[in-house]
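# Overview (structure and organization)
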Amino acid sequence: MAAPERPSPDLNPVVRIGQGALVGRTTAGILAFRGIPYAAPPVGPLRWRAPRPPVSWPGMRDASTVGPICVQPLVRGDPGVGPLPMSEDCLTLNVWTPDPGKGRLPVMVWIHGGALVNGSGTAALYDGVALARRGVVVVTLNYRLGRLGFFAHPALSAEADGDGLVGNYGLADMVAGLEWVRDSIAAFGGDPGNVTVFGESAGGAAILRLMIAEAARGLFHRAVVQSGLGREEGTPVFRSRPGRRSLEARGAAFAERLGLARATVAQLRALPAGQLLTPPPSFYGGDLLVIDGDDGHGLIDEDVEPAFAAGRQAPVPLIIGSNSDEFGGVRPGDMSPWREIDGALTEAERRALHAAYDGEAGFRAGVVSDLAFNEPARRLARLHARAGHPTWLYRFDVVAAAMPGGASGAPHGSERPYVFDNLLAASWAVGERDRRAARAMADYWTGFATSGDPNGGGRPVWPEYRAMPGQLLMFGNDGPAAAPVPQVERLDLIEAIYARIR
């Protein structure tokens, strides 16, 4: 294991890890080390292979700038995407620490969202300075995206010969990043025995999968899932489900569209990365959430909700929650799998839902947020608490006065600058109310990372779900406060519908 070293007194601190020496930068008393490789570049013959150990380097490595973002379609104005360049050689991470010489500081590892097709750990939105000032070591990482991260094809499966990783490369990158933290974070003052994973949207969904992945067991000790879904069904690599082709079949169809009906491994690896972006793979359509353990190998062999129901998840303290207006503009018919759920409703169920949502307009405006986020968060909180593990549920309802779009609630992803206490990265003007909300949320998150309990420090008490089922912490414009789970009639109806159709 790498040895800690006292920081240099100047602005260019040096930390030595097993790979070599890193020269970072100091900002406002926080030391930052960026662009650190945690795995070998997954290029050439390593495309679509499990991550390999990182290379070492001689002398001093400049760690003042972030590495390239992973290959993805660029979305203008997306605050969750860091600066160019873009490259397949993107498996790097970034570390912020208040003091490499102190030792045994709590560690927080951020898994970014972006539907598993875009985003990066290098975005300014995820700058770790404000969290590190609270006495934690912050790590953000990149992982392979889209078809470079989640893809299968019969030729690749034959090469793996039933004994290697197939399909779930992006999730394997996250495991490799956590292994790097275990082996190297002590050099930055972090405690490898006190690691919290936290992530939003697809990052939250990935954390739920890490909680049921045996390969990740013991690599983290607490988890925070922000808008991480939880009811979605993954796509097996080798077998089809009713109405859902296997990942291998999807990969073969994609290759055939490129004129490679009998593609070889060499032909697939020779494809320019840009050709793998079109047509884009679909997170909600089943292209990216992979069940790769159906042959006895791999990382994931079941869906999240059944695993939690059986008590097979990691026995770690959990914060889980959602935003008050996640997908408020999305109708059930706009997006699979909620299109199928909408079509499967009985007339009695539809009438009951319309009544609970005060009519058709309310149903169309709010049901997808509840189907995708609010009810699954409550369901997983119940199951985790039932298994005897410390659990805290939240709802985020902070709406900045200057937020664009006239939002009636907190939209998807809007909690991120508050969690990082990094409102300068928000796309709207902020006021003192927002600053108070950000301080509170970051304090709860870092308190949880420190002790496994978000309470303390004079903060309003957050009810623990085992002791007070049906209670959550509402982050609102007037500050955080304990409250009953809102709109339980809707969530109860949805829970019953899920039980019937699945």
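Keep in mind that what you see is a predicted model, and the values were worked out from it rather than measured.

Attention shifts here to the pairing of strand S11 (residues 190-200). Walk down a regular strand and you will see the side chains alternate between the two sheet faces. For S11, the tally of buried residues reaches nine of eleven residues, placing the bulk of the element in the interior. The pairing of strand S7 (residues 105-111) with S11 spans six bridges and is classified as parallel. Bridging from a neighbouring strand, Leu105 pairs with Gly190 of S11. Direction of pairing for S11 relative to strand S12 (residues 222-226): parallel, over a ladder of five bridges. Its bridge partner lying in S12, Thr196 is registered against Arg222. Taken together, S11, helix H5 (residues 202-211) and S12 form a β-α-β motif whose crossover is right-handed.

Quick look at the layout of surface pockets now. The calculated volume of the second largest pocket comes to roughly 460 Å³. Taken together, 25 residues make up the lining of the second largest pocket; nearest its centre are Glu233, Arg244, Pro337, Glu340 and Arg502. Breaking the lining of the second largest pocket down by element, the ones donating at least two residues are helix H9 (338-344), helix H11 (360-386) and helix H14 (488-501). No other element matches H9, which puts four residues into the lining of the second largest pocket.

Glancing now at helix H6 (residues 247-257). All of the buried residues along H6 are Leu247, Glu248, Arg250, Gly251, Ala253, Phe254 and Ala255. Where H6 terminates, the next one or two residues include Gly259, which has phi positive at roughly 85 degrees.

When you line up the elements, Thr97 lands in strand S6 (residues 92-97). For Thr97, a relative accessible area of 0% puts it in the buried group. There is a polar contact of 3.2 Å between the side chain of Thr97 and the backbone nitrogen of Asp99.

Look at helix H4 (residues 169-184) against H5: their axes get within 11 Å of each other, and the N-to-C directions meet at 70 degrees. With respect to H5, the element H4 is oriented roughly perpendicular. Contact with H4, carried on its side by Leu171, Met174, Val175 and Leu178, involves Ala206, Arg209 and Leu210 of H5 and no other residues of that element. Of the residues contributing to the contact of H4 with H5, the split by class is six nonpolar, no polar and one charged.

The rules behind the values
Throughout this document, residue positions are counted from 1 along each chain, in the order its sequence is written. Given that the model is predicted, a residue must reach a pLDDT of at least 70 before its local features are reported, and side-chain atom pairs must reach 80 or more before they are shown or counted; all residues, however, enter totals for whole chains, interfaces and linings. Working from all heavy atoms in the structure, the side-chain values ignore hydrogens and water. Relative accessibility under 20% of the residue-type maximum defines a buried residue, over 50% an exposed one, and the middle range a partly exposed one, all with a 1.4 Å probe and only protein chains included. Numbering of helices and strands starts at the N terminus; helices are DSSP runs of H or I of at least 4 residues and strands are runs of E of at least 2. In this analysis, strands are considered paired if DSSP registers two or more bridges between them. The definition of a right-handed crossover adopted here requires that, viewed with the strands pointing away, the path from the first strand over the helix to the second runs clockwise. Here the term cavity refers to a set of points on a 1 Å grid, laid over the protein atoms alone, in which a 1.4 Å probe fits but cannot get out; the term pocket refers to an open set having protein on both sides within 12 Å along at least five of seven lines, with lining residues being those that place an atom within 4 Å of a point. Grid points are joined across faces, edges and corners, and a volume is the space filled by probe spheres set on the points. Here a polar contact is recorded for every N or O atom pair within 3.5 Å, except that within protein the pair must consist of a potential hydrogen donor and a potential acceptor, and residues adjacent in sequence are included only if both atoms are side-chain atoms. Fitting a line to C-alpha atoms yields each axis, with helices limited to the stretch in contact; the angle taken between N-to-C directions then spans 0 to 180 degrees. Reported orientations rely on four angle classes, namely roughly parallel under 35 degrees, roughly antiparallel over 145, roughly perpendicular from 65 to 115, and oblique for the rest. Residue contacts are defined here by distance: any two heavy atoms, one from each residue, within 4.5 Å place the two residues in contact. Residue type decides the class: Asp, Glu, Lys and Arg count as charged, Ala, Val, Leu, Ile, Met, Phe, Trp, Tyr, Cys and Pro as nonpolar, and the leftover types, Gly among them, as polar.

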